[in-house]
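Geometric and topological summary
Each chain, letter by letter, is given below.
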Amino acid sequence: MLAPEVVLVSDGRGLKQAAPRPITGAGRVARFIIGGIRKAQITLTSDPTVVKGKPALLLHADGELDGVTADPGRGRPHHRPVLRRNPQKLTRVASETPLTLR
């Protein structure tokens, strides 16, 4: 579910396709995501997770980790989700970091 005033910011760092500028509005964001899935002819699945203490989704394209989307913590929840597709950054997301008490 997307808030009506959602703004999607994506980051591929030139290594993966991403939107060149922010996309505003639930309808436009949904069309961008669905259009990308159709164009790439992939099966997209998601798994809930936590990134930097915030709720996030791991996105898998045909079973392979393709991105992560999370609220960066600015403003209202789900108002400005960030879609990260940079493979160099995804290596840090692909594994769990155990937490220990000191």
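Within any chain, residue numbers begin from 1 and follow the written order of that chain's sequence. Under the rules for a predicted model, residues below a pLDDT of 70 receive no local features and side-chain atom pairs below 80 are neither given nor counted, while totals for whole chains, interfaces and linings still include all residues. For the side-chain quantities, the full set of heavy atoms in the structure was used; hydrogens and water were omitted.

**What to know about the overall build of the chain**
- A helix here means a DSSP run of H or I that spans at least four residues, while a strand means a run of E at least two residues long, and both kinds are numbered starting from the N terminus. Counting secondary structure elements, the chain contains two helices and six strands.
- Beginning at the N terminus, the succession of helices and strands in the chain can be written as β-β-α-β-β-β-β-α.
- Per-residue accessibility, obtained with a 1.4 Å probe over protein chains only, is compared with the maximum for each type, and a residue is labelled buried under 20%, exposed over 50%, and partly exposed between these values. Burial statistics for the chain: of 102 residues in total, 28% are counted as buried.
- Here the analysis covers contacts within the chain between residues at least 6 apart in sequence; of these, 33% occur between residues at least 24 apart. Working rule for contacts: check all heavy atoms of both residues, and any pair within 4.5 Å makes them a contact.

**A short note on a nonpolar patch on the surface**
- Patch membership needs two things, relative accessible area over 30% and no salt bridge, and members are linked within 9 Å if like-charged or within 5 Å if nonpolar (Val, Leu, Ile, Met, Phe, Trp, Tyr). Only the protein chains shown count as cover for residues, and the accessible areas themselves come from Shrake-Rupley with a 1.4 Å probe. When a carboxyl oxygen of Asp or Glu lies within 4 Å of a side-chain nitrogen of Lys or Arg, that pair is called a salt bridge. Residues Phe32, Ile33 and Leu44 make up a contiguous nonpolar surface patch of about 220 Å² in total accessible area.
- Along the chain, isoleucine 33 turns up in helix 1 (residues 26–40).
- Overall, the relative accessible area of 36% leaves isoleucine 33 in the partly exposed class.

**Re the pairing of strand 5 (residues 64–70)**
- Within strand 5, five of the seven residues are buried, which leaves the element mostly enclosed by the surrounding structure.
- Bridge count for strand 4 (residues 54–61) against strand 5 is six bridges, and the pairing is antiparallel. Looking across to strand 5, one finds that alanine 61 is bridged to glutamate 64.
- The hairpin formed by strand 4 and strand 5 contains two residues between the paired strands, and aspartate 62 there has a positive phi angle of roughly 50°. At least two DSSP bridges between two strands are required for those strands to pair.

**What about unusual backbone geometry?**
- Here glutamine 41, not a glycine, exhibits a phi torsion of approximately 50°, which is positive.
- Within the secondary structure, glutamine 41 is located in the loop between helix 1 and strand 3 (44–51).
- Given the relative accessible area of 70%, glutamine 41 is considered exposed.
- Located in the positive-phi region is aspartate 62, a residue other than glycine, with phi close to 50°.
- If you trace the backbone, aspartate 62 turns up in the loop between strand 4 and strand 5.
- You can call aspartate 62 partly exposed: its relative accessible area is 48%.

**Focus on helix 1**
- A rise of 1.5 Å per residue sets the reference length of helix 1, with its 15 residues, at 21 Å; its end C-alpha atoms lie 21 Å apart and thus fit the reference within 8%.
- Glutamine 41 occupies a position one or two residues after helix 1 and carries a positive phi of about 50°. Expected span, for any helix, means 1.5 Å times one less than how many residues it has.

**Comments concerning the environment of serine 46**
- Here serine 46 shows up in strand 3.
- Placed 21 residues apart in sequence, serine 46 and glycine 67 show a C-alpha to C-alpha distance of 9.5 Å.
- Not counting the four nearest positions on each side in its chain, serine 46 is found in contact with Leu57, Leu58 and Leu59.

**What about the side chain of histidine 60?**
- Considering the arrangement of structural elements, one finds histidine 60 in strand 4.
- A residue is classified by how much of its surface remains accessible, and histidine 60, at 15% relative accessible area, is buried.
- A polar atom in the side chain of histidine 60 sits 3.1 Å from the side chain of aspartate 47.
- Residues in contact with histidine 60, not counting those within four places in the same chain, are Thr43, Leu44, Thr45, Asp47, Leu65 and Asp66. Whenever a nitrogen or oxygen atom comes within 3.5 Å of another N or O atom, the pair is scored as a polar contact, on the condition that within protein one atom can donate a hydrogen and the other can accept it, and that pairs from neighbouring residues in sequence are kept only if both atoms are in side chains.

Function cannot be read off these values alone, since they describe shape.
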